[in-house]
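Survey of secondary and tertiary structure
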Amino acid sequence: MAAYKFTFIGTGNMGGALARAAAKSLPGAEILLSNRTPAKAEALARELGCAAGTAEQAAREGAYIFLGVKPQMMGGLLADVAPVLAARQDRFVLVTMAAGLTMARIAEMAGGDWPVIRIMPNTPCAVGAGVVLCDANPLVTARELEDFSAALAGAGVIDRLDESLIDGACALTGCGPAFVCQFIEALADGGVACGLSRQKALLYAAQMAEGTARLMLATGQHPGEMKDAVCSPGGSTIAGVYALERGGVRAAAMEAVMAAEARNRELGRR
């Protein structure tokens, strides 16, 4: 039987965010962290009240083993831990969050026909407001996937999606926070141009973005409907909306998501 429910190999931005989310549902005694720079895992382990160890220990002692490394590093990591996985006599599930790498490819690189869950989380998982896309290969039982999702519920929305759609959806949910930050920063720049301090402009822009998203989710309104409700005839809002349309903001946002999806697929072919 595994010594830890969740073990993490890699505690960078995403691995660390998911570890924080897991710590909301699981006792610290059920989580082990490892990182290429041990001090980083040890610092986060102290913060969360969980254990720190090596990648080999994480592979040997985890029930769900999070592979939190970049796609180009995954082959080397799995080559290192493959003998550890092959020697195990108990059941475990590999959890990959590498863009572009399919579950079949992960199992192949790990050297066995292992159960694999593929997830694509985003950085807001660190504050419980994220989206975690997930799918599982046929070797993962329904009970395991349910158990996994419940333990990670502190991350935010956990949504199952067919693997064929994950690269595209990740371009929206995973890359999207960067796009939103660009837009918030640009709006704040506009506020500064109108005379606001930088600090106040960023606060107002970020709070407005959060509030608008929360309102849309709470009411179920279409964003176009919400936009129309703010646009009075001949008013200031419709003048601003026209400026955005003239600047091609809508097309640029669509192209950003499509470019990110193309890059995800390119990473998977390497």
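Going by the structure above, here's the rest.
Residues numbered from 1 in each chain as written. Predicted model: local features only at pLDDT ≥ 70, side-chain atom pairs only at ≥ 80, totals over all residues. Heavy atoms only, no water.

**Let's talk about the nonpolar core**
With 31 residues, the main nonpolar core has Phe6, Phe8, Leu33, Phe66, Ile117, Ile119 and Phe148 as its most contacted residues. Counting residues per element, this core draws most heavily on helix H1 (residues 13–22), which supplies five residues. Look past the residues within four positions of Phe148 in its chain and what remains in contact with it is Phe6, Tyr64, Phe66, Val95, Ile117 and Ile119. Ranked by size, the runner-up nonpolar core spans 25 residues in total, among them Ile9, Ala58, Met74 and Ala98. (Core = buried A, V, L, I, M, F, W, Y, C linked by side-chain atoms within 4.5 Å. Buried < 20%, exposed > 50% of the residue type's maximum accessible area, 1.4 Å probe, protein only. Helix = DSSP H or I, 4+ residues; strand = E, 2+ residues; numbered from the N terminus. Contact = heavy atoms within 4.5 Å.)

**Observations concerning the sheet that holds strand S8 (residues 156–160)**
Ordered by their spatial adjacency, eight strands build an open sheet running S3-S2-S1-S4-S5-S6-S7-S8, and the pairing between neighbours is mixed. Unpaired on one side and paired on the other, strand S3 (51–52) and S8 mark the two borders of the sheet. Strand direction decides the pairing type here: strand S2 (residues 31–34) and S3, joined by two bridges, are parallel. Its bridge partner lying in S3, Leu32 is registered against Ala51. Strands in contact with helix H4 (residues 71–87) are strand S1 (4–9), strand S4 (62–67) and strand S5 (93–96); relative to S4, the strand with the most contacts, it is inclined by about 165°. Seen against the sheet, helix H5 (residues 103–110) touches S4, S5, strand S6 (116–120) and strand S7 (130–136) and runs at an angle of roughly 125° to S6. (Pairing = 2+ DSSP bridges. Axes fitted to C-alpha atoms, helices over the stretch in contact; angles between N-to-C directions.)

**Quick look at the pattern of salt bridges**
Where charged atoms from two side chains of opposite charge come close, those side chains can pair. Counted according to the given criterion, the structure contains 16 salt bridges. Among the ionic pairs, Lys5 bridges to Asp147, the shortest N-O distance being 2.9 Å. Here Lys5 is found in strand S1, whereas its partner Asp147 is found in helix H6 (residues 142–151), with 142 residues between them in sequence. The class for Asp147 is partly exposed, based on a relative accessible area of 29%. The salt bridge partner of Glu47 is Arg20, with a shortest N-O separation of 3.0 Å. Residue Glu47 is located in helix H2 (residues 38–48), and its partner Arg20 is located in helix H1; the two are separated by 27 residues in the primary sequence. (Salt bridge = Lys/Arg side-chain N within 4 Å of Asp/Glu carboxyl O.)

**Re the pairing of S4**
With five of its six residues buried, S4 lies for the most part within the structure. Relative to S4, S1 runs parallel, the two being bridged by five bridges. The residue bridging Phe8 from the neighbouring strand is Phe66, located in S4. Two elements, S4 and S5, share four bridges in a ladder whose sense is parallel. Each bridged residue has a counterpart across the sheet, and for Tyr64 the counterpart in S5 is Val93.

**Some thoughts on the layout of surface pockets**
Volume-wise, the second largest pocket comes out at about 1,000 Å³. Listed by contribution, the elements that provide at least two residues to the lining of the second largest pocket are H1, helix H3 (55–61), H4 and helix H12 (249–268). Take the lining of the second largest pocket: its biggest share by element is seven residues, from H4. Its residues assigned to classes, the lining of the second largest pocket comprises 16 nonpolar, 17 polar and five charged. (1 Å grid on protein atoms, 1.4 Å probe; cavity = no way out; pocket = protein on both sides within 12 Å on 5 of 7 lines; lining within 4 Å. Points joined across faces, edges and corners; volume = space filled by probe spheres on them. Nonpolar A, V, L, I, M, F, W, Y, C, P; charged D, E, K, R; others polar.)

**A short note on the packing of H4 against H5**
Across the interface, H4 lies against H5 with an axial gap of 7 Å and an inter-helix angle of 60°. In terms of axis orientation, H4 runs oblique to H5. When H4 is examined against H5, the residues Met74, Gly75, Leu78, Ala79, Ala82 and Leu85 are found in contact with a partner set consisting of Ile106, Met109 and Ala110. Class assignment for the residues of the contact of H4 with H5 results in eight nonpolar, one polar and no charged. (Parallel < 35°, antiparallel > 145°, perpendicular 65-115°, else oblique.)

**Section: the packing of helix H7 (residues 163–173) against helix H8 (residues 176–193)**
The geometry of a pair of packed helices is captured by two quantities: the angle between their axes and the separation between those axes. Packing of H7 against H8 brings their axes to within 5 Å, and their N-to-C directions diverge by 30°. Comparing the axis directions of H7 and H8 gives the class roughly parallel. When H7 is examined against H8, the residues Ala171, Leu172 and Thr173 are found in contact with a partner set consisting of Gly176, Pro177 and Phe179. A class-by-class count of the residues in the contact of H7 with H8 yields four nonpolar, two polar and no charged.

Purely spatial values, then, with no claim about function.
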